[in-house]
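Spelled out, the chains give:
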Amino acid sequence: MAIDKIWVVAEATEAGPTTVTLELLTAARGLASTVEAVAWGTTTAANAAVLGEYGASTVHDIGDIGDALPGAPVASAIATAIASGAGPTAILVPTSYDGRDIAGRLSARADLPVLTNITGLVGGDELTSQHPIFGGAQIVNARFTGQAPGIFVVRAKSFAAESAGGAPAAVSPLAVGDLGATNAAAVVTRHIEERTGPKLDEAPVVVSGGRGLGEAANYSLIEDLAKLLNGAAGASRAIVDAGWVPYSHQVGQTGKTVKPTVYLACGISGATQHMVGMKGSKNIIAINKDQDAPIFGVADLGIVGDVHKVVPALIEALKAR
Amino acid sequence: MKIGGPVASSAYIELMNVVVCVKQIPDPAAPQSLEPGTNTLDRSGKLILDDSDAYGVEMALQLAEQAGGGEVTLVSMAPNDETSGLRTALAMGAASAILISDPALKGADALTTAKMLAAAIKRTNADLIIAATESSDGYTGTTPVQVAELLGLPSITFAKSVSVDGSSVKVERQTESGYDDVTSPLPALVTVTAGVVEPRYPSFKGIMAAKSKPVEILTAADLGVTAGQTGQEITSVVEAEARAAGEIVVDEGDGAQRIVTFLEALKLV
């Protein structure tokens with residue numbers, strides 16, 4: 001292939017590489033001759049098998065970063081490799097909280113531009129990235145015009161993750177450069193918000209609530225309905241910001257991207273910010289009392305009505321079966 | 001907190017100077033369009049203070065107040081010497097603004113913008129720099145951490161809660177699975193989400209006072225930074241695949257049943 005080498009910034013949790021990491025490795029395989037991963041923390045050796053299975057021939061291991069936020073050390077390590085001539089043709093970074101930090105810092109450190117909010121990549125002699133704009137109504141095609149590598153920040157669920165059955169990746173240490181004060185932010189405590197039922201970004205059914213619910217107490221309707229449908233409960237940014245639900249429930253531009261079989265939006269207007277996170281759902285049902293709400297522009301079934309009437313009636317109808 | 005009044009731990013009141021990076025964007029309520037040729041966002045119309053920056057400005061004002069005083073300085077980049085959005089933030093209580101405005105910066109990307117903002121911030125005496133997580137028009141989402149890297153500072157993004165304790169900042173940072181408590185020594189950069197604070201409405205007195213607060217307008221040359229090429233371009237813009245139009249009905253007591261029927265057809269119930 002015309003593109004020689006792609007590096008994928010490989011995030012991981014205790015459970016292993018994240019799904020979006022596996023998606024980007026899969027995408028990279030179709031675009032470049034060589035795919036390598038960049039990882040940090042204490043689990044890289046343990047993850048080498050999975051990373052290799054999805055296409056990475058090598059994983060560059062930055063090692064234990066302690067309690068530091070990943071942005072500065074990971075960016076520094078990649079920038080140092082680029083400066084020494086050992087860098088790739090392109091770098092794919094997941095759109096995650098840490099991925100955004102890494103991409104931004106890398107861009108500044110290596111003096112390279114960055115393209116974000118990518119939902120598609122087209123290969124060939126060089127990469128073209130695709131970006132939704134205006135609520136997803138239009139797609140912008142973009143490219144880098146200067147020197148390699150290009151930094152591409154890709155949204156989750158833009159590609160499907162598919163195993164290539166590859167051999168475990170070779171682990172190669174990657175040194176962090178001089179960090180100065182940039183590495184001083186440290187995590188003191190991690191709060192994992194427990195949830196029962198399927199994971200929000202994996203559930204076949206997602207029931208989401210927004211401001212139209214009126215008050216925090218009414219979110220229990222969303223949770224009840226999600227449970228009845230064996231789905232996950234989600235939320236618009238508005239009610240997460242208002243403190244009605246935990247941060248981990250957020251769907252949208254700066255929350256999770258979901259592509260369930262059914263997305264049921266209750267009392268959500270459909271701001272651009274939210275649409276980006278759920279527009280790829282196979283079927284969208286919306287309940288909103290405002291017939292002009294933008295969500296009705298993407299709904300397969302739209303009910304113009306009061307969520308306080310329709311949702312309880314739906315719950316009753318499902319319970320009666 | 002009165003000077004000379006009771007103090008908790010230190011003998012001196014630490015003033016804290018906060019810089020807020022703010023953006024003036026095309027009014028989201030107006031139809032958005034792209035510039036022919038470059039296909040970058042058309043910024044030739046009315047520009048207003050990005051709603052997401054009201055939270056940053058408010059957070060800065062509260063932190064400066066809690067520290068017993070200190071200036072809140074706005075730093076912004078906009079075309080055509082635009083300042084109307086800055087006056088909104090000055091009316092909330094910010095003390096002054098630095099605006100970077102230069103025809104050479106038309107269509108500037110995030111990295112170029114960050115270089116300009118960083119150069120302007122170097123002219124201030126910032127203990128803390130606050131920005132939104134991303135702008136509401138471009139939503140690239142990288143400019144603040146690019147600024148932090150260029151200034152050699154630590155950063156904490158996606159703050160849901162911010163407090164300053166002496167010479168360090170404590171943040172509740174949003175994560176995929178919940179949130180982390182993160183701290184950093186100052187100076188540092190923090191990006192805030194909506195919901196971090198409730199922004200105040202400018203008072204009439206504030207609006208009047210804003211008219212005469214200093215706004216320094218600088219070009220790239222004034223900052224000693226070369227604008228340069230952005231290193232990226234838009235090759236084309238196409239219509240996205242449209243979803244087939246759905247069925248929109250008014251609930252007449254049958255809304256719930258229609259949803260059940262829809263779900264049955266998908267074999268989900």
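1. Some details on the overall build of chain A
Summing up its helical and strand segments, chain A has eight helices and 18 strands in all. The buried share of chain A, taken over its 321 residues, is 58%. Considering only residue pairs separated by 6 or more positions, chain A has 69% of its internal contacts joining residues 24 or more positions apart.

2. Quick look at the sheet that holds strand β8 (residues 120–122) of chain A
As summarised here, the arrangement of the four strands in space is β8(A)-β9(A)-β10(A)-β12(B), forming an open sheet in which the pairing is antiparallel. In this open sheet, the two strands that pair with only one neighbour each are β8 of chain A together with β12 (232–239) of chain B. Pairwise comparison of adjacent strand axes, ignoring direction, gives a mean angle of 30° for this sheet. Summarising the sheet, strand β10 (residues 138–144) of chain A and β12(B) pair through seven bridges and their orientation is antiparallel. Looking across to β12(B), one finds that A:Ile139 is bridged to B:Val238.

3. Section: the interface of chain B and chain A
Interfaces are frequently sized by the accessible area removed from exposure as the parts join. Facing 70 residues of chain B, the contacting portion of chain A comprises 75 residues. Of all the elements in the fold, those that place two or more residues in the side of chain B that touches chain A are α3 (110–121), α4 (143–151), β7 (155–165), β8 (168–175), β9 (178–185), β12, β13 (247–250) and α7 (255–265) of chain B. Taken together, the residues of the side of chain B that touches chain A break down into 30 nonpolar, 27 polar and 13 charged. Pairing of strand β18 (residues 301–304) of chain A with β13(B), which is carried by four bridges, proceeds in the parallel orientation. Each bridged residue has a counterpart across the sheet, and for A:Val304 the counterpart in β13(B) is B:Val250.

4. What about the environment of A:Ser220?
Along the chain, A:Ser220 turns up in helix α5 (residues 219–228). Once the C-alpha coordinates of A:Ser220 and A:Gly209 are considered, the two residues, 11 residues apart in sequence, prove to be 9.8 Å apart.

5. Topic: unusual backbone geometry
Omega for the bond connecting A:Ala148 with A:Pro149 falls within 30 degrees of zero, at -5°, which places this linkage in the cis form. Following the sequence through the fold, A:Pro149 ends up in the loop between β10 and β11 (150–154). Note that the residue after B:Leu186, namely B:Pro187, is joined by a cis bond; omega there is 0°. Position of B:Pro187 relative to the elements: it lies in the loop between β9 and β10 (188–192). Located in the positive-phi region is A:Asp111, a residue other than glycine, with phi close to 55°.

6. Remarks on helix α1 (residues 19–29) of chain A
Within α1(A), nine of the 11 residues are buried, which leaves it mostly tucked inside the rest of the structure. Those residues of α1(A) lying buried are A:Val20, A:Thr21, A:Leu22, A:Glu23, A:Leu24, A:Leu25, A:Ala27, A:Ala28 and A:Arg29.

7. What to know about the pairing of strand β14 (residues 205–209) of chain A
A regular strand places its side chains on the two faces of the sheet in alternate fashion. Residues and elements named next belong to chain A. The element β14 is largely enclosed, with a buried count of five among its five residues. Burial of the side chains of β14 extends over both faces: Val205, Val207 and Gly209 are buried on one face and Val206 and Ser208 on the other. Pairing between β14 and strand β16 (residues 262–266): five bridges, direction parallel. Looking at the pairing, Val207 lines up with Leu264 of β16. Strand direction decides the pairing type here: β14 and strand β15 (residues 232–235), joined by four bridges, are parallel. Residue Ser208 lies in a different strand from β15, and its bridge partner there is Gly234. At this point the chain moves from β14, through α5, to the parallel β15, and the crossover so formed is right-handed.

8. Observations concerning the sheet that holds β18(A)
As summarised here, the arrangement of the six strands in space is β15(A)-β14(A)-β16(A)-β17(A)-β18(A)-β13(B), forming an open sheet in which the pairing is parallel. Both outer strands of the open sheet, β15 of chain A together with β13 of chain B, are each paired with one neighbouring strand and no more. Neighbour-to-neighbour, the strand axes of the sheet open up by a mean angle of 15°, direction not taken into account. The sheet strands contacting helix α8 (residues 307–319) of chain A are β16, β17 (283–288) and β18 of chain A, and the helix crosses β17(A) at an angle near 130°. Sheet strands in contact with α7(B) are β16, β17 and β18 of chain A together with β13 of chain B, and its direction is about 170° off that of β18(A).

9. A short note on the domain arrangement of chain A
All names here are of chain A. If you check the domain split of chain A, you get domain 1 (3–183) and domain 2 (205–319). One C-alpha centre belongs to domain 1, the other to domain 2; they are set 32 Å apart. Taken together, the contact pairs six residues of domain 1 with eight residues of domain 2. In the side of domain 1 that touches domain 2, the residues fall into two nonpolar, two polar and two charged.

Calculation criteria
- Residues numbered from 1 in each chain as written.
- Chains lettered and ligands numbered in written order.
- Predicted model: local features only at pLDDT ≥ 70, side-chain atom pairs only at ≥ 80, totals over all residues.
- Helix = DSSP H or I, 4+ residues; strand = E, 2+ residues; numbered from the N terminus.
- Buried ≥ 20, exposed ≤ 12 C-beta atoms within 10 Å, placed from the backbone.
- Contact = placed C-beta atoms within 7 Å.
- Pairing = 2+ DSSP bridges.
- Axes fitted to C-alpha atoms, helices over the stretch in contact; angles between N-to-C directions.
- Nonpolar A, V, L, I, M, F, W, Y, C, P; charged D, E, K, R; others polar.
- Right-handed = clockwise from strand over helix to strand, strands pointing away.
- Domains from an automatic or database assignment.

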